[in-house]
Amino acid sequence: MVAQCVKCGNHKWNKKVEDNRITCPNCGYSWTFNKLPLFILTGCSGIGKTTTAHELMFSTEDIVVLDADFFFNIMPHETQDDYLQQVEKLEDLSKNIMQVGKPVLWAMAGNLDKLNGVYNRQFFSDIFCLALVCDEETLRHRMMQGRGIGDEEWIQSSIQYNNYFKTHTAINDMPFDVCDTEGKKIEEVVEDVKKWVTEKMARSK
Ligand SMILES: [Zn+2]
């Protein structure tokens with residue numbers, strides 16, 4: 001909706017975006033919009049993304065907090081292109097929500113490498129990712145005791161993903177920051193995430 005031309009009705013994804021101005025290539029009409037950063041809270045399966053996002057949702061009115069599983073549940077999820085389409089929808093929805101003047105944060109495990117590769121990317125000033133990590137034994141405990149997961153393959157893939165975040169700074173062209181949750185209470189992790197968002201917002205202006 002934010003990118004729909006109200007002068008000629010052009011709803012195609014062919015708009016040009018420069019700074020915070022959208023231009024319709026069909027009729028030349030242009031308009032301004034709220035261009036804000038997009039936030040991603042990531043981390044391996046079992047790390048506590050959903051718990052953190054849920055707590056964050058009720059502790060601030062400054063960030064719109066959502067769960068990317070929404071797209072997984074309603075869209076195909078077999079191929080890489082399916083996941084690219086999910087990311088496209090996520091960014092399409094986000095750019096519209098942001099017109100209220102607040103940033104959007106998604107809890108999202110994967111697909112970080114696709115965030116820069118979609119049409120709707122141009123509607124954000126930046127994309128910032130924060131990966132929650134913890135020690136391997138804590139993760140194993142959380143998955144087995146906390147969530148009742150007995151599938152060793154699942155646990156191992158999660159441990160590997162957690163290690164990746166601890167030993168890297170980017171997935172392909174998407175850099176990420178890291179928040180070590182080891183030994184922290186949920187309230188402390190939520191405060192860390194809020195502080196991170198505030199800092200990034202200030203830097204992105
Ligand atoms: Zn137009």
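Residues numbered from 1 in each chain as written. Predicted model: local features only at pLDDT ≥ 70, side-chain atom pairs only at ≥ 80, totals over all residues. Heavy atoms only, no water.

### Considerations on the coordination of the zinc ion
The zinc ion binds to the protein through Cys5 (SG), Cys8 (SG), Cys24 (SG) and Cys27 (SG); the donor distances cover 2.3 Å. Of note is the zinc ion, whose 4 donor atoms meet at the metal with angles of 103 to 114 degrees in an arrangement that counts as tetrahedral. Going along the chain, you hit the donors of the zinc ion in the pattern C-x2-C-x15-C-x2-C. Judged by its relative accessible area of 1%, cysteine 24 falls in the buried class. (Donors = N, O, S within 2.8 Å, 3.2 Å for Na, K, Ca; no water. Tetrahedral: all angles 85-135°; square planar, octahedral: opposite > 155°, others 65-115°. Buried < 20%, exposed > 50% of the residue type's maximum accessible area, 1.4 Å probe, protein only.)

### Here's the deal with the domain arrangement of the protein
Per the domain assignment, the segments making up the protein are domain 1 (1-33) and domain 2 (34-204). Each of domain 1 and domain 2 has a C-alpha centre, and the two are 30 Å apart. Taken together, the 13 residues of domain 1 in the interface contact 11 residues of domain 2. Carbon and sulfur atoms make up 64% of the surface buried where domain 1 meets domain 2, a total of about 1,000 Å² over both sides. The largest per-residue losses of area from domain 1 upon contact with domain 2 belong to Val2, Trp13 and Phe33, which jointly make up 63% of the total buried on that side. Linking domain 1 with domain 2 are 0 salt bridges, by the criterion used here. Taken together, the residues of the side of domain 1 that touches domain 2 sort by class into 7 nonpolar, 2 polar and 4 charged. (Domains from an automatic or database assignment. Contact = heavy atoms within 4.5 Å. Buried area = accessible area lost by both parts, 1.4 Å probe. Salt bridge = Lys/Arg side-chain N within 4 Å of Asp/Glu carboxyl O. Nonpolar A, V, L, I, M, F, W, Y, C, P; charged D, E, K, R; others polar.)

### A short note on unusual backbone geometry
Of note in this structure, aspartate 19 is not a glycine but carries a positive phi near 50 degrees. If you trace the backbone, aspartate 19 turns up in the loop between strand 1 (16-18) and strand 2 (21-23). With phi around 65 degrees, asparagine 111 is a residue other than glycine that occupies positive phi space. Its location among the elements puts asparagine 111 in the loop between strand 6 (104-107) and strand 7 (127-133). (Helix = DSSP H or I, 4+ residues; strand = E, 2+ residues; numbered from the N terminus.)

### Quick notes on a nonpolar patch on the surface
A surface patch of nonpolar side chains, about 290 Å² in accessible area, is lined by Phe70, Ile74 and Leu93. Position of leucine 93 among the secondary structure elements: in helix 3 (residues 80-97). (Patch = residues over 30% accessible without salt bridge, like charges linked within 9 Å, V, L, I, M, F, W, Y side chains within 5 Å. Areas by Shrake-Rupley, 256 points an atom, 1.4 Å probe, with all protein chains shown as cover.)

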